[in-house]
Amino acid sequence: MKPVPFVTLWWVLLLVSGLGATRKGSPEEASFYYGTFPPGFSWGVGSSAFQTEGAWDQDGKGPSIWDAFTHSGKGKVLGEETADVACNGYYRVQEDIILLRELHVNHYRFSLSWPRLLPTGVRGDQVNEKGIKFYSDFIDALLKSNITPIVTLHHWDLPQLLQVKYGGWQNASMTNYFSDYANLCFEAFGDRVKYWVTFSDPRTMAEKGYETGHHAPGLKLHGTGLYKAAHHIIKAHAQAWHSYNSTWRSRQQGLVGISLNCDWGEPVDTSNPKDIEAAERYLQFCLGWFANPIYAGDYPQVMKERIGRKSAEQGLDVSRLPVFSLQEKSYIKGTSDFLGLGHFTTRYITERNYPSRRGPSYQNDRDLVELVDPNWPDLGSQWLYSVPWGFRRLLNYAQTQYGDPPIYVMENGASQTLHCTQLCDKWRIKYLKGYINEMLKAIKDGANIKGYTSWSLLDQFEWEKGYSNRYGFYYVEFNNRNKPRYPKASVQYYKKIVTANGFPNPREVESWYFKALETCSINNQMLAAEPLLSHMQMVTEIVVPTVCTLCVLIAAVLLMSLLRSQS
Ligand SMILES: *[C@@H]1O[C@H](CO)[C@@H](O)[C@H](O)[C@H]1NC(C)=O
Ligand SMILES: *[C@@H]1O[C@H](CO)[C@@H](O)[C@H](O)[C@H]1NC(C)=O
């Protein structure tokens, strides 16, 4: 027999049987772990205020540093896009809650806009009652739908006046303004909100806002600004936690934590001590920078050593990394009721063995090189490669480094950069399946993971990338002024994981994939052109069944001829 019919037969059988086909996958696929999550595990999706709400100057909201940054022009955001309207979420509350219900999630993680509640940023100046009412109604609507709110106090949109007047996070007094704001939120919403996140990904906020200038407020204070900003953010976090602990906890019985984003850093050569050290350094500069003060009372030793040494080499009297006093150390230590983690991708890390060219910077302080494996699927982004095993390693690392804290995954997801209206997001399904499975393995390894937040509910404003990166379960047509939402295939898939609380067995999990893709092609066409709808109905009602029947017939014929040729 010639090889070709064999191939054909194989494919036809694969198409027809679908579920039964066992392909030889990568080692990772081969080690797929079937099982379910602990009872009570919380599934959710997330978003942030600036990325979705729009209504940037409505109902008394003050401007944020991101409003100023996007309005300044000068090519700061791809395509000079703004988030003035974004997903128009401020006016779409009821619709978006329907989308959340459709996903069957247990929780929704979103952020409050500080300048919507306090237009100048200062509680003593003015409280915007319309802002309070907006979030209050939203929280009520979520609870009515049995969805637990997980509320972030600050997701990057600092009130512009705090920046202009006081220098934003460069100023130590920001801790008091934040604490006042936090107390207002605990007071107004804490009777109903039991999960608080003080800051979301403060590392990016400090690094891109005060070092590279890619984010608002766009400052380039190389090698100093980011450490100072982080220092004040950590203190502000601790102060808010203490406020909650001493004033609100007894009445409200909630939890307050922080959410830290970090990619996994894997040594290029696991037998080379220099690479192992470099990878460890990568993680300490990324996660340890914030987590170590909060869990152990001070910055990681390696940061203090490196930045101190390099500062001395520059002729500075004191380290560019600020120092916590003994009192501050004990005040900050232990100020997180859970560890929030954001994670998207992985890097290979190796020691940098060439001298740095430019002056002081975060990059030069770390002395390492980040690499990617060209075989990793990249989903169209230069940053986000799908490497599920890195997630398990990061979760295990966090467990051992910080004394087995309760962990909530606060962000994890995949973007698509293509502009086309592609709702059949097979790549996101693959990413979700892989990453969630590695999280399940981490739980089996012993990590105390309580919940998972997939990022994000909607396609939204992606900071300096404008609307070019789409992370949403729901596609948003930004060109249409009504900003309509369309479900991608991953909605159906995630919903199945949520409902089954994991991956019960191969047969069922495989069927989810096919069912998810059935719906999306129809939605795809609806989005592309309404007039095509009738055509599509013909395709699903006539063409699909015909093709399927034909496939079965061909398979049967080929199978018979195969059996005959073998006998
Ligand atoms: C820091 O903020 C305070 C107000 O809280 C202000 O008086 C002071 O001038 C600010 N410092 C700088 C350097 O802007
Ligand atoms: C948190 O509050 C409780 C009850 O008031 C108190 O006993 C405890 O010492 C506080 N924790 C910290 C670290 O201050």
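What you see as residue numbers is a count from 1 along each chain, following the sequence as written. In the order they appear in the text, chains get letters beginning with A and ligands get numbers beginning with 1. Side-chain atom pairs in this predicted model are given and counted only at pLDDT of 80 or more, local residue features only at pLDDT of at least 70, and totals for whole chains, interfaces and linings cover all residues. Each side-chain value is worked out from all heavy atoms of the structure, with water and hydrogens disregarded.

1. What to know about the sheet that holds strand E11 (residues 407-411)
- In space, the eight strands of this closed barrel follow the order E2-E3-E4-E5-E6-E8-E11-E12, with parallel pairing throughout. Strand after strand, the sheet turns through a mean of 25° between neighbouring axes, direction not considered.
- Strand pairing is defined by DSSP finding a minimum of two bridges between the two strands. A run of DSSP states H or I qualifies as a helix once it reaches four residues; a run of E qualifies as a strand once it reaches two. Both are numbered from the N-terminal end. Pairing of strand E3 (residues 107-111) with strand E4 (residues 148-154), which is carried by five bridges, proceeds in the parallel orientation. Bridge pairing in E4 links Tyr 108 to Pro 149.
- Any two residues whose heavy atoms approach within 4.5 Å are treated as being in contact. Angular values range over 0 to 180 degrees, each being the angle between N-to-C directions of two axes fitted as lines to C-alpha atoms, with helices fitted over their stretch in contact. Here helix H7 (residues 129-144) sits on the sheet in contact with E3 and E4, set at roughly 170° to E3.
- In this fold helix H10 (residues 202-210) packs onto E4, strand E5 (195-200) and strand E6 (255-261), with an angle of close to 50° to the strand it touches most, E6.

2. Here we look at the state of the cysteines
- Count a disulfide wherever a pair of cysteine sulfur atoms falls within 2.5 Å. Applying the stated rule across the entire model yields one disulfide.
- The disulfide partner of Cys 262 is Cys 286, and the S-S distance across this bridge is 2.3 Å. Taken as a pair, Cys 262 in the loop between E6 and strand E7 (264-267) and Cys 286 in helix H12 (residues 273-296) lie far apart in primary sequence, 24 residues in all.
- We classify Cys 262 as buried; its relative accessible area is 2%.
- Any residue under 20% of the maximum accessible area for its type is buried, any over 50% is exposed, and the rest in between are partly exposed; the area is computed with a 1.4 Å probe on protein chains only. Note on Cys 286: relative accessible area 5%, which makes it buried.

3. Observations regarding the UniProt feature "active site" (unreviewed entry) in the protein
- In the numbering adopted here, UniProt assigns the feature "active site" (unreviewed entry) to Glu 411.
- Looking at where Glu 411 falls in the secondary structure, it is placed in strand E11.
- For Glu 411, a relative accessible area of 5% translates into the label buried.
- Here Glu 411 is in contact with Arg 109, His 155, Ser 200, Asn 261, Leu 341, Gly 342, His 343, Phe 344, Thr 453 and Trp 455, once residues within four sequence places are set aside. UniProt positions are given in the numbering used here, feature names are shortened, and annotations may be inferred rather than shown by experiment.

4. Digging into the site of ligand 1
- Around ligand 1 lies a shell formed by Tyr 166, Asn 171, Ser 173 and Tyr 177.
- In the environment of ligand 1, an oxygen atom lies 2.4 Å from a nitrogen or oxygen atom belonging to the side chain of Asn 171.
- Considering ligand 1 on its own, with 360 Å² of exposed area, one finds that the protein chains cover 41% of that surface.
- Classification used: nonpolar for Ala, Val, Leu, Ile, Met, Phe, Trp, Tyr, Cys and Pro, charged for Asp, Glu, Lys and Arg, polar for all others including Gly. Per-class residue counts for the shell around ligand 1 are two nonpolar, two polar and no charged. Consider each residue's heavy atoms; a residue with any of them within 4 Å of a molecule or strand counts as near. Polar contacts, as counted here, are pairs of nitrogen or oxygen atoms within 3.5 Å of one another; within protein the pair requires one atom able to donate a hydrogen and one able to accept it, and residues that are adjacent in sequence qualify only if both atoms are side-chain atoms. Accessible surface area values rest on a Shrake-Rupley calculation with a 1.4 Å probe, where residue burial reflects the displayed protein chains alone.

5. Brief notes about the packing of aromatic side chains
- Under the pairing criterion, centres of Phe, Tyr and Trp rings, with the six-membered ring standing for Trp, must be within 6.5 Å; the plane angle then separates stacked pairs below 30 degrees from edge-to-face pairs above 60, leaving the rest tilted. All chains considered together, the criterion is met by 54 aromatic pairs.
- Put simply, the rings of Phe 50, Trp 66, Phe 69, Trp 156, Phe 461, Trp 463, Tyr 467 and Phe 478 pair up and form one aromatic cluster.
- To sit over a ring, a charge needs its Lys NZ or Arg CZ within 6 Å of the ring centre and within 35 degrees of the ring normal. A cation sits over an aromatic face here: Lys 433 above Phe 32, 4.9 Å from the ring centre.

6. Some points on H10
- Where burial is concerned, most of H10 is hidden: eight out of the nine residues are buried.
- Within H10, burial applies to Pro 202, Arg 203, Thr 204, Met 205, Ala 206, Glu 207, Gly 209 and Tyr 210.

7. Side note on empty space enclosed by the protein
- Cavities and pockets were defined on a 1 Å grid built over protein atoms only: a cavity is a set of grid points that admits a 1.4 Å probe from which the probe cannot escape, a pocket is an open set flanked by protein on both sides within 12 Å along at least five of seven lines, and lining residues are those with an atom within 4 Å of any such point. Grid points are joined across faces, edges and corners, and a volume is the space filled by probe spheres set on the points. A full pass over the atoms with the stated rule returns four cavities of 30 Å³ or more.
- Considered as a void within the structure, the largest cavity measures approximately 190 Å³ in volume.
- Every residue lining the largest cavity is counted, 18 residues in all, and those nearest its centre are Thr 52, Glu 53, Gly 89, Tyr 108 and Phe 138.
- Looking at the lining of the largest cavity, the elements with two or more residues in it are helix H3 (49-52), helix H5 (93-103), E3 and H7.
- Within the lining of the largest cavity, the residues separate by chemical class into 11 nonpolar, five polar and two charged.

8. Observations regarding the layout of surface pockets
- If you add up the space inside the second largest pocket, you get close to 940 Å³.
- In terms of lining, the second largest pocket is formed by 38 residues, of which the most central are Thr 204, Lys 208, Asp 263, Trp 383 and Lys 465.
- Secondary structure elements with two or more residues in the lining of the second largest pocket: H10, H12 and helix H15 (362-366).
- Examining the composition of the lining of the second largest pocket, we find that four residues originate from one element, H10, more than from any other.
- Across the lining of the second largest pocket, the residue classes tally to 11 nonpolar, 15 polar and 12 charged.

9. Some details on the sheet that holds strand E10 (residues 368-371)
- Strand order in this open sheet of three strands is E7-E9-E10, and the pairing throughout is mixed. In this open sheet, the two edge strands, each paired with only one partner strand, are E7 and E10. Adjacent strand axes in the sheet meet at a mean angle of 40° when their direction is disregarded.
- Here four bridges tie strand E9 (residues 346-351) to E10, and the two strands are oriented antiparallel to one another. Residue pairing across strands places Glu 351 opposite Leu 368, the latter belonging to E10.
- Helix-sheet contacts for H12 involve E7, E9 and E10, and the interaxial angle to E9 is about 125°.

10. Quick word on the nonpolar core
- For this analysis, a nonpolar core means a set of buried residues of the types Ala, Val, Leu, Ile, Met, Phe, Trp, Tyr and Cys, connected via side-chain atoms within 4.5 Å. Within the largest apolar cluster, 151 residues are counted, with the highest numbers of intra-cluster contacts made by Leu 112, Trp 169, Trp 196, Met 439 and Tyr 494.
- In contact with Tyr 494, other than residues within four places in its own chain, are Trp 43, Gly 44, Val 45, Leu 103, Val 105, Leu 432, Ile 436, Tyr 452, Ser 454 and Phe 473.
- Within the second largest apolar cluster, five residues are counted, among which are Ile 150, Phe 338, Tyr 408 and Met 410.

11. Here's the deal with the environment of Asp 191
- Along the chain, Asp 191 falls in the loop between helix H9 (174-189) and E5.
- Taking the C-alpha atoms as reference points, Asp 191 and Gly 254, 63 residues apart in sequence, are found 9.0 Å from one another.
- When sequence neighbours within four positions are dropped, the list of residues in contact with Asp 191 reads Phe 186 and Gln 252.
- Polar contacts involving the side chain of Asp 191 include one to the side chain of Arg 192, which spans 3.1 Å.

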